[in-house]
Amino acid sequence: MRHDRKVALITGSAKGLGKMTAVSLAEQGCDIVVNYVHSRTEAMDLAERLQRLGVRCIAVQADVSKTEDLRRMVEQVEEQLGGIDILVNNAGPFVRERRLFSEYEASEIDYLVRGNLLGVMELDHMVLPMMRRKGWGRIIHFGFGRASEGTGWPHRAVYAAAKVGLVSFTKTLAVEEAPNGITVNMICPGDIRGEYKEKYIRDVEQISDEESPRGRPGTGEDVARTITFLCHPQSDFITGNIMDISGGLDPIRTVKGAAPLSGSSSPAVRNGPSSL
C-alpha cells in the first residue's frame, strides 16, 4: 500500500488507539503528526520511533477543545510538512464516572461538547481547504458503539449527545465533499480498555472475554487496521459510513428502575468506550 507521502494528523496519538493508528499509517508510508496535550514524553518517544521507519514525524501539543490550539497546530503542520491529507479525530474528553445530567457543571457540559463535537468540526473546517486543493483527503471521526442509532446513554448524556451529533455531521460532510475526492467516515470502537489499546490481535487470540460475543478482547490493532484501510487511495468509494468495531458488543446497558446517583456501584452501564 502506498500513500505517496501523505501527511496524517492523528489527534490524541501519544498513547492508546491514536498511537496504534499512527504506527499503522507510518508503516504504510505516511508522514505523521503526533498530537498530545500532556503526554509530551510519550509523544516524543513515538515520534522518534516513527522516524526510524523512514517517515517524517513531528509531535505537536494542542488541546482539541481550544480553537486557538487547533489553529496553531494546523499552521505548524502546514509550515513543517506542507499540509494535511489524512485527519483522524481520535481525541475527545470523556468522563468515566457515571453521572446524571443534572449533576454536571455548566463548564463540564461546554468542555465535553467542545472537545467531542465543535472542536472536531473546527479542525475539519481548517483542514478541508488543503484537501480540496489536492483533490484528495481522508477524514475519520470517532464515535461509540451504536451511535448511528441515536440511542440514549444514561449517565453519559453530554458525551453521547456530542457524538450522535457528530454522526449527522459525518454523513453530511461525506456527501458535500465526495466530489472533491474527500471521504469522511466514523469508526466506533468497542470497550477496549487499558493495555489492550496498544496490543495486536495476535496478543489476544487465546484470551477469553466472556462479555464479548466474539469471545476475545478488542485491541488497538482492530481499530488501527480499519482506519488504515479507509485511508487507502482505493477506498474512495467508502464514505459516510458509521462502523462499529466492537466484536458485536453493545456498550450500552439498559437501566432498569430508578437511575443511580453518581458513585453508585450499579452495573447498569459499562465504563464507556476507551477510544479517547
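Residues numbered from 1 in each chain as written. Predicted model: local features only at pLDDT ≥ 70, side-chain atom pairs only at ≥ 80, totals over all residues. Heavy atoms only, no water.

Draft legend 1. Broad picture of the packing of aromatic side chains. If you walk through the whole model with that rule in mind, you get four aromatic pairs. On the numbers, 4.7 Å between centres and 75° between planes, the contact of Phe94 with Tyr159 is edge-to-face. Within this pair, whereas Phe94 is found in the loop between β4 (86-89) and α4 (106-134), its partner Tyr159 is found in helix α5 (residues 157-177), the two being separated by 65 residues in sequence. Look at Phe144 and Tyr159: their rings are 6.3 Å apart centre to centre, the planes differ by 40°, and that puts the pair in the tilted class. (Phe/Tyr/Trp six-rings, centres within 6.5 Å; stacked < 30°, edge-to-face > 60°. Helix = DSSP H or I, 4+ residues; strand = E, 2+ residues; numbered from the N terminus.)

Draft legend 2. Region of interest: the packing of helix α1 (residues 16-27) against helix α2 (residues 40-51). Direction vectors running N to C along α1 and α2 enclose 15°, while the axes themselves pass 10 Å from each other. Compared by their axis directions, α1 and α2 come out roughly parallel. Crossing hand, α1 versus α2: right-handed. Facing Lys19, Ala22, Val23 and Ala26 of α1, the residues of α2 in contact are Leu46, Arg49 and Leu50. (Axes fitted to C-alpha atoms, helices over the stretch in contact; angles between N-to-C directions. Parallel < 35°, antiparallel > 145°, perpendicular 65-115°, else oblique. Left-handed = near helix turned anticlockwise from the far one by under 90°. Contact = heavy atoms within 4.5 Å.)

Draft legend 3. Geometry of the sheet that holds strand β1 (residues 7-10). If you walk across this open sheet you meet the seven strands as β3-β2-β1-β4-β5-β6-β7, and the pairing is parallel. The open sheet terminates on both sides in strands that have one partner only, identified here as β3 (57-61) and β7 (242-245). Mean inter-strand twist for the sheet, computed between neighbouring axes without regard to direction, equals 20°. Contacting β1, β2 (31-36), β4, β5 (137-142) and β6 (182-189), α1 runs over the sheet at an angle of about 170° to β1. Taken strand by strand, helix α3 (residues 67-81) contacts β1, β2 and β3, and its axis lies near 160° from that of β3. (Pairing = 2+ DSSP bridges.)

Draft legend 4. Looking closely at α5. Between its terminal C-alpha atoms α5 stretches 30 Å, which fits the 30 Å expected from 21 residues at 1.5 Å a residue. Of the surrounding secondary structure, the elements contacted by the buried residues of α5 are α4, β5, β6 and β7. (Expected span 1.5 Å × (residues − 1).)

Draft legend 5. Broad picture of unusual backbone geometry. Unlike most non-glycine residues, Arg146 shows phi in positive territory, near 70°. When you line up the elements, Arg146 lands in the loop between β5 and α5. Classification of Arg146 as partly exposed rests on a relative accessible area of 27%. In this structure, His155 takes a positive phi of about 75° despite not being glycine. When you line up the elements, His155 lands in the loop between β5 and α5. (Buried < 20%, exposed > 50% of the residue type's maximum accessible area, 1.4 Å probe, protein only.)

Draft legend 6. Highlighting the pairing of β2. Of all six residues in β2, six are buried; the element is thus mostly enclosed. Covered by surrounding structure in β2 are Asp31, Val33 and Asn35 together with Ile32, Val34 and Tyr36, the residues of both alternating faces. As paired strands, β1 and β2 are joined by four bridges and run parallel to one another. Residue pairing across strands places Leu9 opposite Val33, the latter belonging to β2. For the segment spanning β1, α1 and β2, crossover handedness is right-handed. (Right-handed = clockwise from strand over helix to strand, strands pointing away.)

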